[in-house]
Amino acid sequence: MGWKRKKDEVEGDDGFVGGGDNQRKRKKATAAATEPKEKREILPSMIKNKEKRSAVHAKLKQQKKLEKRKKLKDRDAAEKRALELGEEPPPKKIPRTIENTREFDETVCRPDDEELYAGNECDEFSSVLKRESTPKILITTCRFNSTRGPAFISELLEVIPNSHYYRRGTYDLKKIVEYANHREFTSVIIVHTNRREPDALLIIGLPDGPTAHFKLSKLVLRKDIKNHGNPTSHEPELVLTNFTTRLGHRIGRLIQSLFPQAPNFRGRRVVTFHNQRDFIFFRHHRYIFESKESKHTDSKDKKMKNGKGEEVSQEKVIARLQECGPRFTLKLVSLQHGTFDTKGGEYEWVHKPEMDTSRRRFFL
Amino acid sequence: MQHDEVIWQVIRHNHCSYMAKITTGIFCRNEYNVTGICNRSSCPLANSRYATIRDHDGVFYLYMKSIERAHMPDKLWERVKLPRNYEKALEIIDKHLMYWPKFLVHKTKQRLTKMTQMRIRMRKLALKTREKIMTTPRKEKKREARREEKAEKAAVLEKNIEKELLERLRKGVYGDIYNYPVKEYEKVLEMDSLQAANEDEEEEPEIEYVEGYDGLEEELEDDIEDFGGLAMNRARAIGDNSEDEDGDEDEDDDAEADRKRGRKESSLALRKVEKGDAGSKPKKRAKVLVEVEHEDADERQTAVH
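Residues numbered from 1 in each chain as written. Chains lettered and ligands numbered in written order. Predicted model: local features only at pLDDT ≥ 70, side-chain atom pairs only at ≥ 80, totals over all residues. Heavy atoms only, no water.

By the naming in an unreviewed UniProt entry, chain B goes by Protein MAK16 homolog and is assigned to Rhodamnia argentea. Quoted straight from UniProt, the Sequence similarities (unreviewed entry) entry for chain B says "Belongs to the MAK16 family." Here is the UniProt Subcellular location (unreviewed entry) comment for chain B, exactly as written: "Nucleus". (UniProt positions renumbered as here; feature names shortened; annotations may be inferred.)

With an unreviewed UniProt entry as reference, chain A is termed Ribosome production factor 1, source organism Rhodamnia argentea.

Following this line, the structure appears as structure tokens:
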């Protein structure tokens, strides 16, 4: 309809003057008008009518789903075919994850870094980590303690060996640090509650160790875990994974210094601090190794005699875990160099909201 | 004095910007008000003669207003500094407000008392450390929660922990505690594979014997010795390193108590012989029998091929 009107206009305007030209122009105009229309796809967002728009969108989605499924089928078929023919299956593509596409961080620890080892030698945790002194932990709360706090603290007392709970009066934190120093503690942990839920953990190393302030979330107590186990009093094994950068390494050592360095393997207790995207997940399990038999029959098996390549049934050793103890996640808010001193202290690392702008950048 | 009544009528009934009406009462927000309540006698605007106490940086001043200066708003309020000492301040108030209405004097003294108490408390509090409440914008909290969820899913924790533990087992961190120390494990695997190979060859003649029940026990004993001896021999001679994992390894686990190889082999042999022997003595090693039969059936089939 549009281009018809154009034609009329053109005709009307020019009248009889330059009729031939008109005709050519008209043809060009119409040709030009139809071509872009055919090339241009109609996006659902360009349709103003809601019903029609949603219908078109749904159809598009279904098309995409079908395509995806077809691709998957083709991929599987190709792999199967390749295996049957004895060739190499086409290489599996690696999915893109945030960990794969993490921004380059120059503070990532390298295994051949001399400076790192030298730093480890003379940092605050070295005496505990070299087993020269056993860790002794003082746990306390913030001034106003409430509902879930004591339960969490009692579970923490069971997880960390050689830890003691003292009630917080109205003492200043600095006084508490002094007191702990007198009594030869190696760390102080303060559980801070907000709105009747523990929501922050402050770990202060002593005598003048660093102060790490963590935000605590997703706390699940032992009684809320299904099929939980009961921890024994053997020294637990520590698993600290994925602390890559220098800061992460330091935090890892801080956590390590809370636990005695002589794990009792017979106790089969493992405490895990796993760092993923700057969130440190804490888990506490009892484990056991079992051998599992899994039958793996191949189509080739029937032809080949037993004793050659293919196995009729395989045996694997697997580890089974039973969760006991609390479960929570920590996120580092700030790391201060000396003991607790918000006003005059020197901060090694502070979290600022502007650090969150990139989804691929992590600091631990 | 002439205007006071008029001023009061106008203020009260029309509009006073210092008035604050709350559910519990009517208050006056004027800084010069002695009591703080909106009253005919407490309104500093509607009383030409008025006195009050005000505090500036921890020092108390007595302010007085009199009718003689009503036409000079700039110089309206006369200020007297009060000493720190509470009693002395009271005396000074008495002196200045000597012939003033009792109401005003009384209220001024009350205000002084209250303010001194507040001053003491504020000073005490300033010495103690107070927690400062920091707020985070809701958007950030939500963002953190979302990222945490995704991070938890990305970190398949159970798998990672299991992987780590198996790594440690493999490296030998645990020493000899577990029944599946890897090196011995693999050695046992090799041995079993060899034994299986040998047994395959010998199965065919055995098949004839196994069908009968009578002579079984005797043969059992015979075979045990044979196998036992053979097994020991084989153990010394380490043959192929074919990592043939048979189902025989189950028996390793079942016979956990027996760490000595000789006895292991013998028990293996026993079970081998009892293959087709579903009937007799099923209770002896019921569990084992069930497991073995499958594999043996397969093996037999392959052997027959």
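A. Looking closely at the overall build of chain B. For chain B, the helix and strand inventory stands at ten helices and five strands. Buried positions account for 37% of the 305 residues belonging to chain B. Long-range pairs, those at least 24 residues apart, make up 53% of the contacts in chain B with a sequence separation of at least 6. Just so you have it, chain B exposes about 19900 Å², and 53% of that area is on carbon and sulfur atoms. (Helix = DSSP H or I, 4+ residues; strand = E, 2+ residues; numbered from the N terminus. Buried < 20%, exposed > 50% of the residue type's maximum accessible area, 1.4 Å probe, protein only. Contact = heavy atoms within 4.5 Å. Areas by Shrake-Rupley, 256 points an atom, 1.4 Å probe, with all protein chains shown as cover.)

B. Expanded view of the pattern of salt bridges. The final tally for this structure, using the stated rule, is 23 salt bridges over all chains. Notably, a salt bridge pairs A:Asp341 with A:Lys174, separated by 3.5 Å at the nearest N-O pair. On the criterion of sequence distance, the pair formed by A:Asp341 in the loop between strand 10 (327-336) and strand 11 (347-350) and A:Lys174 in helix 7 (residues 173-182) is long-range, its members being 167 residues apart. Its relative accessible area of 23% is what places A:Asp341 among the partly exposed residues. Residue A:Lys174 is classed as partly exposed on the basis of its relative accessible area of 48%. As a salt-bridge pair, B:Glu144 and A:Lys215 come within 3.9 Å of each other at their nearest N and O atoms. Within this pair, whereas B:Glu144 is found in helix 4 (residues 138-154), its partner A:Lys215 is found in strand 5 (residues 211-220), the two belonging to separate chains. For B:Glu144, a relative accessible area of 10% gives the class buried. (Salt bridge = Lys/Arg side-chain N within 4 Å of Asp/Glu carboxyl O.)

C. Main features of a nonpolar patch on the surface. Taken together, the side chains of A:Ile42, A:Leu43 and A:Met46 define a hydrophobic patch exposed on the protein surface, amounting to about 310 Å² of accessible area. Residue position: A:Met46 is located in the loop between helix 2 (19-39) and helix 3 (50-85). (Patch = residues over 30% accessible without salt bridge, like charges linked within 9 Å, V, L, I, M, F, W, Y side chains within 5 Å.)

D. Looking closely at the sheet that holds strand 4 (residues 59-65) of chain B. All names here are of chain B. Reading across the sheet, the three strands line up as 3-4-5 and stay open at both edges, with antiparallel pairing between neighbours. A single partner strand is all that each edge strand has here, and the edge strands are strand 3 (50-56) and strand 5 (77-81). Going across the sheet, the axis of each strand differs from the next one's by a mean of 30°, ignoring polarity. For strand 4 and strand 5, the ladder comprises five bridges, and the chain directions are antiparallel. Opposite Leu62, over in strand 5, you have Val80 as the bridge partner. In this fold helix 2 (residues 86-96) packs onto strand 3, strand 4 and strand 5, with an angle of close to 10° to the strand it touches most, strand 4. In this fold helix 3 (residues 102-127) packs onto strand 3 and strand 4, with an angle of close to 10° to the strand it touches most, strand 3. (Pairing = 2+ DSSP bridges. Axes fitted to C-alpha atoms, helices over the stretch in contact; angles between N-to-C directions.)

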